[in-house]
Amino acid sequence: MNQPATPRNPDPLADLRDIHLPPPVEAWPPAPGWWIVGFLLLAATVALIVWWLRYWRANRYRREALRELDRLFQVYQANQDARAWLHDFEALLKRVALTRYAREDVASLTGVAWVAFLDKTAGIDDFSMGPGQALIDDIYKPANDNGTAIDVRQLHELGKQWIKHHGNPEAA
């Protein structure tokens with residue numbers, strides 16, 4: 001026997017099921033591209049830290065020399081002995097040069113050759129043409145010879161400049 005047909009709903013959309021949304025995208029694990037980016041950033045950070053530590057260690061002698069130069073200047077201000085300061089100043093510059101350059105190239109330099117070396121390594125001419133001329137022979141003059149006055153302040157600043165910038169004249 002035939003049953004009577006159930007009346008159809010006049011709204012055909014009413015028989016549809018509700019939309020099922022996909023689950024939210026998980027943040028973990030990231031896509032392979034993010035792993036690569038993260039690894040590259042980590043490698044760059046490590047490389048930067050290693051470079052900075054090497055740079056810091058390589059320039060330790062500069063920091064120590066600048067502290068020693070300031071100490072020499074304080075001693076000079078206390079006793080006002082320009083000749084003794086000049087002797088100590090030149091010895092400090094020589095020690096710094098021996099730290100950075102080959103002993104054969106530096107140890108025997110005196111006078112004009114020494115100031116030319118200082119000028120060349122810092123890319124300046126203030127040692128041979130400026131206040132640095134006192135390093136040529138003023139240290140050997142008798143204490144009562146006042147032929148040239150030693151400008152300790154200018155030499156102090158010149159020494160700071162040389163210690164900071166020797167070996168890379170483009171930074172001077």
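For the structure, see preceding data.
Because the structure is predicted, anything quoted here is derived from the model rather than measured.

A. View of the overall build of the chain. Check the secondary structure of the chain and you find eight helices and zero strands. Shown N-terminal to C-terminal, the secondary structure of the chain runs as helices and strands in the order α-α-α-α-α-α-α-α. Residues counted as buried form 27% of the 172 residues belonging to the chain. Taking the contacts inside the chain whose residues are at least 6 apart along the sequence as the reference set, 65% of them involve residues at least 24 apart. For the chain, the computed accessible surface area is about 12,700 Å², with 60% contributed by carbon and sulfur atoms.

B. The pattern of salt bridges, seen in detail. For the structure shown, the criterion picks out three salt bridges. As a salt-bridge pair, Glu68 and Arg71 come within 2.7 Å of each other at their nearest N and O atoms. With Glu68 and Arg71 both in helix H2 (residues 60-79) and three residues apart, the pair spans about one turn of that helix. We classify Glu68 as partly exposed; its relative accessible area is 23%. A salt bridge links Asp70 to Lys160, with the nearest nitrogen and oxygen atoms 3.8 Å apart. In this pair, Asp70 sits in helix H2 while Lys160 sits in helix H8 (residues 152-165), placing the two residues 90 residues apart along the sequence. Overall, Asp70 belongs to the partly exposed group, its relative accessible area being 32%. With relative accessibility at 22%, the residue Lys160 sits in the partly exposed group.

C. Main features of helix H3 (residues 82-100). Taking 1.5 Å of rise per residue, 19 residues should cover 27 Å, and H3 covers 27 Å from first to last C-alpha, within 8% of that figure. All of the buried residues along H3 are Ala82, Trp85, Leu86, Phe89, Glu90, Leu92, Leu93, Lys94, Val96 and Ala97. Of the surrounding secondary structure, the elements contacted by the buried residues of H3 are H2, helix H4 (103-106), helix H5 (111-122), helix H6 (126-129), helix H7 (134-137) and H8.

D. View of H8. End to end, H8 covers 20 Å across 14 residues, agreeing with the expected 20 Å (1.5 Å per residue, within 8%). Within H8, burial applies to Val152, Leu155, His156, Leu158, Gly159, Trp162 and Ile163. The arc that holds every buried residue of H8, seen down its axis, measures 165°, which confines them to one face.

E. Structural context of the packing of aromatic side chains. As enumerated under the stated definition, the model contains eight aromatic pairs in all. Look at Trp28 and Trp35: their rings are 5.6 Å apart centre to centre, the planes differ by 65°, and that puts the pair in the edge-to-face class. In this structure Trp28 comes out as exposed when scored by relative accessible area, which is 61%. Between the aromatic rings of Trp114 and Phe117, the centroid separation amounts to 5.9 Å while the plane-to-plane angle is 15°, which identifies the pairing as stacked. Pair noted here: Trp114 and Phe117 are both in helix H5, with a separation of three residues, about one helical turn. Here Trp114 matches Phe117 in class, with each residue buried.

F. Examining a nonpolar patch on the surface more closely. Taken together, the side chains of Leu48, Ile49, Trp51, Trp52, Leu53, Tyr55 and Trp56 define a hydrophobic patch exposed on the protein surface, amounting to about 790 Å² of accessible area. You can see Trp52 is positioned in helix H1 (residues 32-58). A relative accessible area of 44% places Trp52 in the partly exposed class.

G. Here's a closer look at the environment of Arg67. Along the polypeptide, Arg67 turns up in helix H2. In this structure, the C-alpha to C-alpha distance between Arg67 and Lys160, residues 93 residues apart in sequence, is 9.9 Å.

About the cut-offs
Residues numbered from 1 in each chain as written. Predicted model: local features only at pLDDT ≥ 70, side-chain atom pairs only at ≥ 80, totals over all residues. Heavy atoms only, no water. Helix = DSSP H or I, 4+ residues; strand = E, 2+ residues; numbered from the N terminus. Buried < 20%, exposed > 50% of the residue type's maximum accessible area, 1.4 Å probe, protein only. Contact = heavy atoms within 4.5 Å. Areas by Shrake-Rupley, 256 points an atom, 1.4 Å probe, with all protein chains shown as cover. Salt bridge = Lys/Arg side-chain N within 4 Å of Asp/Glu carboxyl O. Expected span 1.5 Å × (residues − 1). Arc of directions from axis to C-beta. Phe/Tyr/Trp six-rings, centres within 6.5 Å; stacked < 30°, edge-to-face > 60°. Patch = residues over 30% accessible without salt bridge, like charges linked within 9 Å, V, L, I, M, F, W, Y side chains within 5 Å.

Honestly, that's just the spatial picture; any functional story needs more than this.
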